[in-house]
Amino acid sequence: MKYILIICLIYGLGFGQSSHRGLTTELLKDLQRAIADSTSLPGDSLNISFTDESTLTAFLNSCLPKTPNQSEIGQVDITSNAITLSINHSTSKSIRNSRYLRQLELHVRFIHEQTEYAWQGIISDNLSKAQLKSILDEEIPFEVKGNYSRGEPAVILIVLTTLGVFSLGAALFFIRT
């Protein structure tokens, strides 16, 4: 039983990653704590929501952490000013095992009892190349920026290299016979 648990832990560590939605949820938890600190309301009674009519607003509202004791007293309206997701190569010395830094930045305004507050939050994490490739297929309503595709070889170079290896193999075969 002990060996099965160890294998499951090692297997899980190799595939651990968070999606863009998970990263957004963590950033919005920080926003919720900032709103609770700014308004002096308890965090479990806050009823926060984004007020714009767009796909970005629907995405952000779906990522908001749900609180069980929502009330009208703790109603806070949020307007997003800007959201930026950037993925860049880390400054590691290894080219073969390159890592990527994913950074999500959110600028919002929120209003509570005719008082307006501004908040800016940034959250980041590191990704491997395999994690990056699986996450890039995820549907998100904002653009991904950065130099994450800088180290990828061009398709034509891959094709030319493959053809060169096959022609070298064919030449060696015919020389042998």
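The rules behind each value
Throughout, residues of each chain are indexed from 1 in the direction in which the sequence is written. Totals for whole chains, interfaces and linings use every residue, but because this is a predicted model, local features are given only for residues with pLDDT of at least 70 and side-chain atom pairs only at 80 or more, for both listing and counting. Only hydrogens and water are set aside; all other atoms, that is, all heavy atoms of the structure, feed into the side-chain values. Counting from the N terminus, the helices are DSSP H or I runs at least four residues long and the strands are E runs at least two residues long. The rule is simple: take the accessible area with a 1.4 Å probe, protein chains only, and divide by the maximum for that residue type; under 20% is buried, over 50% is exposed, in between is partly exposed. Any two residues whose heavy atoms approach within 4.5 Å are treated as being in contact. Residue-level accessible areas treat just the shown protein chains as cover; the underlying method is Shrake-Rupley with a 1.4 Å probe. One less than the residue count of a helix, multiplied by 1.5 Å, gives the span that helix is expected to have. DSSP bridges decide pairing: two strands pair if at least two such bridges lie between them. Salt bridge, as used here: a side-chain nitrogen of Lys or Arg that lies within 4 Å of a carboxyl oxygen of Asp or Glu. Ring pairs are drawn from Phe, Tyr and Trp, using the six-membered ring of Trp, whenever the two centres fall within 6.5 Å, and their geometry is named by plane angle: stacked under 30 degrees, edge-to-face over 60, tilted for the rest. As a per-residue quantity, pLDDT reports the predictor's confidence and falls between 0 and 100. Here a polar contact is recorded for every N or O atom pair within 3.5 Å, except that within protein the pair must consist of a potential hydrogen donor and a potential acceptor, and residues adjacent in sequence are included only if both atoms are side-chain atoms. Note that patches include only residues with greater than 30% relative accessible area and no salt bridge, and the join distances are 9 Å for like charges and 5 Å for nonpolar side chains (Val, Leu, Ile, Met, Phe, Trp, Tyr).

A. Seen up close, the overall build of the chain. Looking only at helices and strands, one finds five helices and five strands in the chain. Taking all 177 residues of the chain together, the buried fraction comes to 31%. Taking contacts inside the chain between residues at least 6 apart in sequence as the whole, the part at least 24 apart equals 67%. Carbon and sulfur atoms provide 59% of the accessible area of the chain, an area that totals close to 11800 Å².

B. Here's a closer look at helix H5 (residues 155-176). With 22 residues, H5 should cover 32 Å at 1.5 Å per step; its first-to-last C-alpha distance of 32 Å lies within 8% of that length. Little of H5 sits out of view: just zero of its 22 residues are buried.

C. Spatial organisation of the pairing of strand E3 (residues 99-112). Covered by surrounding structure in E3 are Tyr-100, Arg-102, Leu-104, Leu-106, Val-108, Phe-110 and His-112 only, the residues Arg-99, Leu-101, Gln-103, Glu-105, His-107, Arg-109 and Ile-111 on the alternate face being uncovered. As paired elements, E3 and strand E4 (residues 115-128) share 14 bridges and run antiparallel to each other. Paired with Arg-99 across the bridge in E4 is Ser-128. Between E3 and E4, which pair antiparallel in sequence order, lie two residues; one of them, Glu-113, sits at a positive phi of approximately 50°.

D. Examining the pattern of salt bridges more closely. The final tally for this structure, using the stated rule, is four salt bridges. One salt bridge connects Arg-102 with Asp-125, and the closest N-O pair in it is separated by 2.6 Å. Within this pair, whereas Arg-102 is found in strand E3, its partner Asp-125 is found in strand E4, the two being separated by 23 residues in sequence. The salt bridge partner of Arg-109 is Glu-116, with a shortest N-O separation of 3.2 Å. The class of Glu-116 is partly exposed, set by a relative accessible area of 48%.

E. How the structure looks around the packing of aromatic side chains. Per the counting criterion, the structure on display carries three aromatic pairs. Ring geometry for Phe-110 and Tyr-117: centres 5.0 Å apart, planes at 20°, overall stacked. Relative accessible area serves as the criterion here: at 23%, Tyr-117 is assigned to the partly exposed category. Their ring planes at 70° and their centres at 5.5 Å tell us that Phe-173 and Phe-174 sit as a pair that is edge-to-face. For Phe-173, a relative accessible area of 47% gives the class partly exposed. The exposure class of Phe-174 is exposed, given its relative accessible area of 59%.

F. The arrangement of the side chain of His-20 in detail. For His-20, the location among the structural elements is in helix H2 (residues 20-39). We classify His-20 as buried; its relative accessible area is 3%. In contact with His-20, not counting residues within four places along its chain, are Leu-85, Ile-87, Arg-102, Ile-135, Glu-138 and Ile-140.

G. Structural detail: the confidence of the model for the chain. Taken as a whole, the chain shows an average pLDDT of 80; of its residues, 79% reach a score of 70 or greater. The lowest-confidence element of the chain is helix H1 (residues 2-14), averaging 57 in pLDDT; the highest-confidence one is E4, averaging 89. Considering only residues more than four positions removed or in separate chains, one finds that residues 11-16, a stretch of pLDDT under 50, has one contact.

H. Geometry of the side chain of Asp-125. Reaching out from Asp-125, the side chain makes a polar contact with the side chain of Arg-102 at a distance of 2.6 Å. Those residues in contact with Asp-125 that sit more than four places away from it in its chain are Ser-18, Leu-23, Tyr-100, Leu-101 and Arg-102.

I. Inspection of a nonpolar patch on the surface at higher detail. A cluster of nonpolar side chains, contributed by Val-155, Ile-156, Leu-157, Val-159, Leu-160 and Leu-163, occupies part of the molecular surface with about 590 Å² of accessible area. The topology assignment puts Leu-163 in helix H5. For Leu-163, a relative accessible area of 51% gives the class exposed.

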